[in-house]
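Residue strings, one per chain:
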Amino acid sequence: SQKIEQNSEALNIQEGKTATLTCNYTNYSPAYLQWYRQDPGRGPVFLLLIRENEKEKRKERLKVTFDTTLKQSLFHITASQPADSATYLCALVYFATDSWGKLQFGAGTQVVVTP
Amino acid sequence: GAVVSQHPSRVICKSGTSVKIECRSLDFQATTMFWYRQFPKQSLMLMATSNEGSKATYEQGVEKDKFLINHASLTLSTLTVTSAHPEDSSFYICSTPQAGGGNEQFFGPGTRLTVL
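Everything numeric in this text was worked out from a predicted model, so none of it was measured.

So, how was this worked out
- Residues numbered from 1 in each chain as written.
- Chains lettered and ligands numbered in written order.
- Predicted model: local features only at pLDDT ≥ 70, side-chain atom pairs only at ≥ 80, totals over all residues.
- Heavy atoms only, no water.
- Phe/Tyr/Trp six-rings, centres within 6.5 Å; stacked < 30°, edge-to-face > 60°.
- Helix = DSSP H or I, 4+ residues; strand = E, 2+ residues; numbered from the N terminus.
- Buried < 20%, exposed > 50% of the residue type's maximum accessible area, 1.4 Å probe, protein only.
- Lys NZ or Arg CZ within 6 Å of the ring centre and 35° of its normal.
- Contact = heavy atoms within 4.5 Å.
- Buried area = accessible area lost by both parts, 1.4 Å probe.
- Salt bridge = Lys/Arg side-chain N within 4 Å of Asp/Glu carboxyl O.
- Polar contact = N/O pair within 3.5 Å; in protein donor to acceptor, adjacent residues only side chain to side chain.
- Pairing = 2+ DSSP bridges.
- Axes fitted to C-alpha atoms, helices over the stretch in contact; angles between N-to-C directions.
- Disulfide = S-S within 2.5 Å.

Visitor: Can you help me understand the packing of aromatic side chains in this one?
Guide: Aromatic ring pairs are described here by two measures, namely the spacing of the ring centres and the angle between the planes. Counted according to the given criterion, the structure contains 11 aromatic pairs over all chains. Ring plane angle 35 degrees and centroid distance 5.4 Å describe the contact between Phe75 of chain A and Tyr88 of chain A, whose orientation is recorded as tilted. Within this pair, whereas Phe75 of chain A is found in strand S8 (residues 72-77), its partner Tyr88 of chain A is found in strand S9 (residues 86-94), the two being separated by 13 residues in sequence. Neither residue differs from the other here; Phe75 of chain A and Tyr88 of chain A are each classed as buried. Of the aromatic side chains, those joined through ring pairs into one cluster are Tyr36, Phe46 and Phe105 of chain A together with Tyr36 and Phe107 of chain B. Looking at Lys66 of chain B, its charged tip hangs above the ring of Phe67 of chain B, at a distance of 5.9 Å from the centre.

Visitor: Would you take a moment to explain the interface of chain B and chain A for this structure?
Guide: Interface extent is often summarised as the accessible area lost during association of the parts. Facing 24 residues of chain B, the contacting portion of chain A comprises 21 residues. Where chain B abuts chain A, roughly 1700 Å² becomes buried across the two surfaces, and 57% of that area is made up of carbon and sulfur atoms. Connecting chain B to chain A are 1 salt bridge. Note that Lys102 of chain A is salt-bridged to Glu59 of chain B, the shortest N-O span being 3.0 Å. Counting across the interface, chain B meets chain A through 4 residue pairs in polar contact (both at pLDDT 80 or more).

Visitor: Please clarify how the sheet that holds strand S6 (residues 56-59) of chain A should be interpreted in this entry.
Guide: Sheet strands associate in pairs through backbone hydrogen bonding, adopting either a parallel or an antiparallel arrangement. All names here are of chain A. One open sheet accounts for 5 strands, arranged S1-S3-S8-S7-S6; its pairing is antiparallel. Each edge of the open sheet is held by one strand with a lone partner, namely strand S1 (4-6) and S6. Geometrically, the sheet is characterised by an average inter-axis angle of 15 degrees between neighbouring strands, direction not taken into account. Pairing of strand S3 (residues 19-25) with S8 involves 6 bridges; the strand directions are antiparallel.

Visitor: Would you mind going over the sheet that holds strand S7 (residues 67-73) of chain B with me for this structure?
Guide: Residue and element names in this part refer to chain B. With antiparallel pairing, 4 strands are arranged side by side in an open sheet as S1-S3-S8-S7. For this open sheet the edge positions go to strand S1 (4-7) and S7, each flanked by a neighbour on one side alone. In this sheet, neighbouring strand axes are inclined to one another by 15 degrees on average, regardless of whether the strands run parallel or antiparallel. In this sheet, strand S8 (residues 76-81) lies alongside S7 in antiparallel orientation, the contact comprising 5 bridges. Bridge pairing in S8 links Ser73 to Leu76.

Visitor: Explain the state of the cysteines here, please?
Guide: Residues and elements named next belong to chain B. Within this structure, the stated rule accounts for 2 disulfides over all chains. Here Cys23 is linked by a disulfide to Cys94, with a sulfur-sulfur distance of 1.9 Å. Measuring handedness by torsion sign, the sulfur bridge of Cys23 and Cys94 sits at about 80 degrees and is right-handed. Of this pair, Cys23 sits in strand S3 (residues 19-25) while Cys94 sits in strand S9 (residues 90-97), placing them 71 residues apart in sequence. Taken as a pair, Cys23 and Cys94 share a single burial class, namely buried. No disulfide involves Cys13; its sulfur sits 18 Å from the nearest other cysteine sulfur, which is in Cys94.

Visitor: Would you take a moment to explain the pattern of salt bridges for this structure?
Guide: For side chains bearing opposite charge, pairing can occur when the charged atoms are close. Taken as a whole and judged by the stated rule, the model has 8 salt bridges over all chains. A salt bridge links Arg58 of chain A to Glu56 of chain A; the nearest nitrogen and oxygen atoms lie 2.9 Å apart. With its nearest N and O atoms 2.9 Å apart, the salt bridge here joins Asp88 of chain B to Lys66 of chain B. Of this pair, Asp88 of chain B sits in the loop between S8 and S9 while Lys66 of chain B sits in the loop between strand S6 (57-58) and S7, placing them 22 residues apart in sequence. By the burial criterion, Asp88 of chain B is buried, and Lys66 of chain B matches it.

In structure tokens:
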């Protein structure tokens, strides 16, 4: 079965630096790979999506890369701010016979940005 | 973006009782909603797909008679945890797909269930 690995250790980073998170998976590549932000006691919030035929995607201070050979996605937060402190989840989307693809989530990596 | 609400946000109940969790889409019609469960420090696990006007589709290992899902309207899906036990204590979250084509999800704020 598919296994999704995100660094379970919290990433502590100083304000202004770039935070880099990894998402590794086994087996077959997904049609899409998504990144979400989750604050404590709240539901996830969608941030970015990257398709299997895309190498890189950017949105404001966020950048996502997708390497299907390495079976890895990297998520970068540039010029990090304390407000970026949260848990970041990657999710893989596979389409089968359903109309909607199923999302499989990693356990997430907590980011702590200190002033 | 779309707004999804859940009620209650937090519930504590005794073992053996049933608990109903509501998931509402506030500003759009949601023909499909997803129900997830999240244990502390673990990933979100899809429990079932709720389809308006038809039966829900459950993931392998999820008991459909224990987790009853009703999607009677385009704005409301409910999850009822029947005969809840302490091991059912978890964070339950619903979501609905966005229109982006990549199945991006709008998530509700979640419901924290504690079974004593």
